[in-house]
Amino acid sequence: MKEASYAALPEGHFWYEGPASLVIYYFPVVDIQGDLDNLIKLIQDALKAHVIKDDKQIERVVAQIFSPDATIVFRTSTPALESAIMSDEPVVYIRFCDHSREDF
């Protein structure tokens with residue numbers, strides 16, 4: 001996951017040291033077995049010492065696994081989220097926010 005973040009980060013970036021929040025949406029192509037909390041921890045660990053200094057900075061997480069046959073409607077969207085929804089491959093959509101008060 002750390003490798004995937006390099007495309008979204010400016011060259012020579014430094015990690016963020018303030019409070020943060022995450023949105024994590026997993027779009028599998030088949031129903032999965034497993035725990036959402038394990039996915040969250042994996043992502044937080046990948047961000048540590050790379051996007052954020054320490055995962056203790058994350059004060060809020062919004063996470064969901066979407067069933068492959070689910071009808072998905074969001075109030076607002078981004079090109080990255082639209083791409084994740086429409087993908088024929090499994091996708092983990094992650095949005096990082098540099099504060100913990102964002103209205104998701």
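Here is a short report on the structure shown in this document. (Residues numbered from 1 in each chain as written. Predicted model: local features only at pLDDT ≥ 70, side-chain atom pairs only at ≥ 80, totals over all residues. Heavy atoms only, no water.)

## Points about the overall build of the protein
For step 1, the next point in the chain: When you go through the protein residue by residue, the secondary structure sums to 3 helices and 3 strands.
For step 2, the next point in the chain: Traced from its N-terminal end to its C-terminal end, the protein shows the element sequence α-β-α-β-α-β.
For step 3, the next point in the chain: Here the protein, with 104 residues, has 30% of them falling under the buried criterion.
For step 4, the next point in the chain: Considering only contacts within the protein whose residues lie at least 6 apart along the sequence, 81% involve residues at least 24 apart.
For step 5, the next point in the chain: With an accessible surface of roughly 7,000 Å², the protein has 52% of that area assigned to carbon and sulfur atoms. (Helix = DSSP H or I, 4+ residues; strand = E, 2+ residues; numbered from the N terminus. Buried < 20%, exposed > 50% of the residue type's maximum accessible area, 1.4 Å probe, protein only. Contact = heavy atoms within 4.5 Å. Areas by Shrake-Rupley, 256 points an atom, 1.4 Å probe, with all protein chains shown as cover.)

## A word on the pairing of strand β2 (residues 58–65)
For step 1, the next point in the chain: Here strand β1 (residues 20–27) runs beside β2; their pairing, made up of 7 bridges, is parallel. Of the residues in β2, the one forming a bridge with Leu 22 is Val 61.
For step 2, the next point in the chain: Running through helix α2 (residues 36–47), the crossover from β1 to the neighbouring parallel element β2 is right-handed. (Pairing = 2+ DSSP bridges. Right-handed = clockwise from strand over helix to strand, strands pointing away.)

## Comments concerning the nonpolar core
For step 1, the next point in the chain: Grouped together as the largest cluster of nonpolar side chains are 10 residues: Leu 22, Ile 24, Tyr 26, Leu 39, Ile 40, Ile 43, Leu 47, Val 51, Ile 52 and Ile 58.
For step 2, the next point in the chain: When contributions to this core are tallied by element, the ones reaching two or more residues are β1 and α2.
For step 3, the next point in the chain: Ranked by residue count, the leading element in this core is α2, at 4 residues.
For step 4, the next point in the chain: With 8 residues, the next largest nonpolar core counts Tyr 25, Phe 66, Ala 84 and Val 91 among its residues. (Core = buried A, V, L, I, M, F, W, Y, C linked by side-chain atoms within 4.5 Å.)

## Considering the packing of aromatic side chains
For step 1, the next point in the chain: Across all of its chains, the model carries 7 aromatic pairs by this definition.
For step 2, the next point in the chain: Judged by centre distance (5.4 Å) and plane angle (80 degrees), the ring pair of Tyr 25 and Phe 66 falls under edge-to-face. Of the two residues, Tyr 25 sits in strand β1 while Phe 66 sits in the loop between β2 and α3 (79–86), which places them 41 residues apart along the sequence. The pair formed by Tyr 25 and Phe 66 is uniform in burial state, with each residue classed as buried.
For step 3, the next point in the chain: Ring centres 5.0 Å apart and planes at 10 degrees place the aromatic pair Phe 27 and Phe 66 in the stacked group. With Phe 27 in strand β1 and Phe 66 in the loop between β2 and α3, this residue pair connects regions lying 39 residues apart in the sequence.
For step 4, the next point in the chain: For Phe 27, a relative accessible area of 5% puts it in the buried group. (Phe/Tyr/Trp six-rings, centres within 6.5 Å; stacked < 30°, edge-to-face > 60°.)

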